[in-house]
Amino acid sequence: MAPAIRYEHIKTCKQSGARLGRVHTPHGVIETPTFMPVGTQATVKTMSPEELKAMDAQIILSNTYHLFLRPGHDIIREAGGLHKFMNWDRPILTDSGGFQVFSLSEMRKISEEGVHFRSHLNGDKKFLSPEVAMEVQNSLGSDIMMAFDECPPFPAEYEYVKKSLERTSRWAERCLEAHARPHDQGLFAIVQGGMHEDLRKQSAADLTSMDFPGYAIGGLSVGEPKHLMYEVLDYTVPLLPTNKPRYLMGVGSPDALIEGSIRGVDMFDCVLPTRIARNGTTMTSQGRLVVRNANYASDFGPLDPACDCYTCRNYSRAYLRHLIKADETFGLRLTTYHNLHFLIQLMRNVRQAIMDDRLLDFRDEFFEQYGLHDN
Ligand SMILES: CNc1nc2c(CCNCc3ccccc3)c3nc(N)[nH]c(=O)c3cc2[nH]1
Ligand SMILES: [Zn+2]
């Protein structure tokens, strides 16, 4: 029986060391490096599966924490799993809920057993643990499941980060033991260790000794300066096996996607493109453009002249500004469509630059155009 998840290395960029690859999953192949749209509550906000396919989204994310609280994983299991429930037949990755408990819920108490917390929806007492997180993800039937981990806050005391990563390693072992369907659901471990090289080494050693089909780098994009995140990547990525996918969690600004790819990361996710779209902020080839600003009131040109997406081919900045100001849902859909298309197109260009052995040149050109001179 073929393993649920297999990484195929295609080529390493001679100029940057970045890698081109494919992740094979039960629901299809993912070309990497790739950006994964986030669909927290079993939908990528305002987008239909057909629109996500039109922009060539190869995999989407959903979330144990949110679906556990609403509608409940039993309902989704009875529906035949998340693919059926949301009518998405391509790969799905689900986060394990640990991160969201700490970023969303109140009254939480963490122990060796797991995390007790109150639902952010109605205050009900809830409990998540490695075993519960695995049961929920098993019910969802995601192609890639994440181990239940703790993402320490930033900044955090060295001793706290050390104790936390050691517990996360013990939790990873419990996730492996609780894994019901290893042949059709791949389980990724999450490397922690904060901003400390020795702790990152310890976490990576613990987890790679348990031989997971893929590894995520957690504990980053939690408020630390970008240069510090890149520094941690510089010494953490080389600790991971070259024949397994590497997923940098919660990272998605254009510059970070390029810098992460250069450092050997294969998969990225972030809520940015959908979240900023809701207040009319868009990512264009000339940098960020807040289309709700008054100076676009009678600008009848496309949002991004260099973009060929549905929004940019059919609507003007003036129209988008009007819709956003009028709080019209269609405006939200059009800016979301463009932002997701922009990041998916960016990763297509990154893959092409790796093929052409010129990702560092591509970074310089992109930063110049996008207005990131000082980085
Ligand atoms: C934004 N910065 C950031 N995000 C992080 C996440 C969540 C990644 N996004 C997953 C998601 C999936 C579906 C819906 C919404 C979100 C993490 N997740 C885990 N498990 N562990 C982390 O260390 C960790 C660190 C992060 N930093
Ligand atoms: Zn566009």
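How each quantity is defined
Residues numbered from 1 in each chain as written. Chains lettered and ligands numbered in written order. Predicted model: local features only at pLDDT ≥ 70, side-chain atom pairs only at ≥ 80, totals over all residues. Heavy atoms only, no water. Helix = DSSP H or I, 4+ residues; strand = E, 2+ residues; numbered from the N terminus. Phe/Tyr/Trp six-rings, centres within 6.5 Å; stacked < 30°, edge-to-face > 60°. Buried < 20%, exposed > 50% of the residue type's maximum accessible area, 1.4 Å probe, protein only. Lys NZ or Arg CZ within 6 Å of the ring centre and 35° of its normal. Donors = N, O, S within 2.8 Å, 3.2 Å for Na, K, Ca; no water. Tetrahedral: all angles 85-135°; square planar, octahedral: opposite > 155°, others 65-115°. Salt bridge = Lys/Arg side-chain N within 4 Å of Asp/Glu carboxyl O. Near = heavy atom within 4 Å. Polar contact = N/O pair within 3.5 Å; in protein donor to acceptor, adjacent residues only side chain to side chain. Areas by Shrake-Rupley, 256 points an atom, 1.4 Å probe, with all protein chains shown as cover.

Trainee: Can you walk me through the environment of glutamate 197 in this structure?
Mentor: Relative to the elements of secondary structure, glutamate 197 occurs in helix α8 (residues 197-208). Separated by 127 residues in the primary sequence, glutamate 197 and isoleucine 324 have C-alpha atoms spaced 45 Å apart.

Trainee: Sorry if this is basic, but what is going on with the packing of aromatic side chains here?
Mentor: Two aromatic rings are characterised by how far apart their centres lie and by the angle between their planes. Under the defined criterion, the tally for this structure stands at eleven aromatic pairs. Here tyrosine 315 and phenylalanine 330 contribute two aromatic rings whose centre-to-centre distance is 5.6 Å and whose plane-to-plane angle is 80°, an arrangement assigned as edge-to-face. Here the residue tyrosine 315 occupies a position in the loop between α12 (310-314) and α13 (317-325), and phenylalanine 330 occupies one in helix α14 (residues 329-355), the gap between them amounting to 15 residues. In this structure phenylalanine 330 comes out as partly exposed when scored by relative accessible area, which is 27%. Through pairs of rings, three or more aromatic residues link up here, namely Tyr310, Tyr315, Tyr319, Phe330 and Tyr337. Above the plane of the ring of phenylalanine 68 lies lysine 126, whose end atom (NZ or CZ) is 5.8 Å from the centre.

Trainee: Can you walk me through the coordination of the zinc ion (ligand 2) in this structure?
Mentor: Geometrically, a metal with four donors at the corners of a regular tetrahedron has ideal angles of 109.5 degrees, and one with six donors at the corners of a regular octahedron has ideal angles of 90 or 180 degrees. Surrounding the zinc ion (ligand 2) are the protein donor atoms Cys307 (SG), Cys309 (SG), Cys312 (SG) and His338 (ND1), at 2.1 to 2.3 Å. Note that the zinc ion (ligand 2) binds four donor atoms; their angles at the metal cover 102 to 116°, and the shape is tetrahedral. Donor residues for the zinc ion (ligand 2) sit on one chain with the sequence pattern C-x1-C-x2-C-x25-H. Of this pair, cysteine 312 sits in helix α12 while histidine 338 sits in helix α14, and the two are 26 residues apart along the sequence.

Trainee: What should I look at first to understand the pattern of salt bridges in this one?
Mentor: In a structure, side chains of opposite charge can pair up when their charged atoms sit close to one another. Summed over the entire model, instances satisfying the criterion amount to 26 salt bridges. Lysine 11 serves as the salt-bridge partner of aspartate 357, at 2.8 Å between the closest nitrogen and oxygen. Within this pair, whereas aspartate 357 is found in the loop between α14 and α15 (359-370), its partner lysine 11 is found in strand β1 (residues 6-12), the two being separated by 346 residues in sequence. Note that arginine 263 and glutamate 259 form a salt bridge whose closest N and O atoms lie 2.8 Å from each other. On the basis of relative accessibility, which here comes to 22%, the residue arginine 263 falls in the partly exposed class. Relative accessible area serves as the criterion here: at 8%, glutamate 259 is assigned to the buried category.

Trainee: Just to check I follow, could you spell out the site of ligand 1 for this structure?
Mentor: Around ligand 1 sit 20 residues in total, of which Asp95, Asp149, Gly219, Leu220 and Ser221 are the nearest. Between ligand 1 and the protein, one listed contact pairs an oxygen atom with a side-chain N or O atom of glutamine 192 at 3.0 Å. Here an oxygen atom of ligand 1 and a backbone polar atom of glycine 219 are 2.8 Å apart. Relative to its free-state accessible area of 580 Å², ligand 1 is covered by the protein chains to the extent of 90%. Taken together, the elements giving at least two residues each to the shell around ligand 1 come down to β5 (60-63) and α5 (98-104). When residues of the shell around ligand 1 are assigned to their parent elements, the largest contribution, three residues, is made by β5.

Geometric values such as these leave the question of function open.
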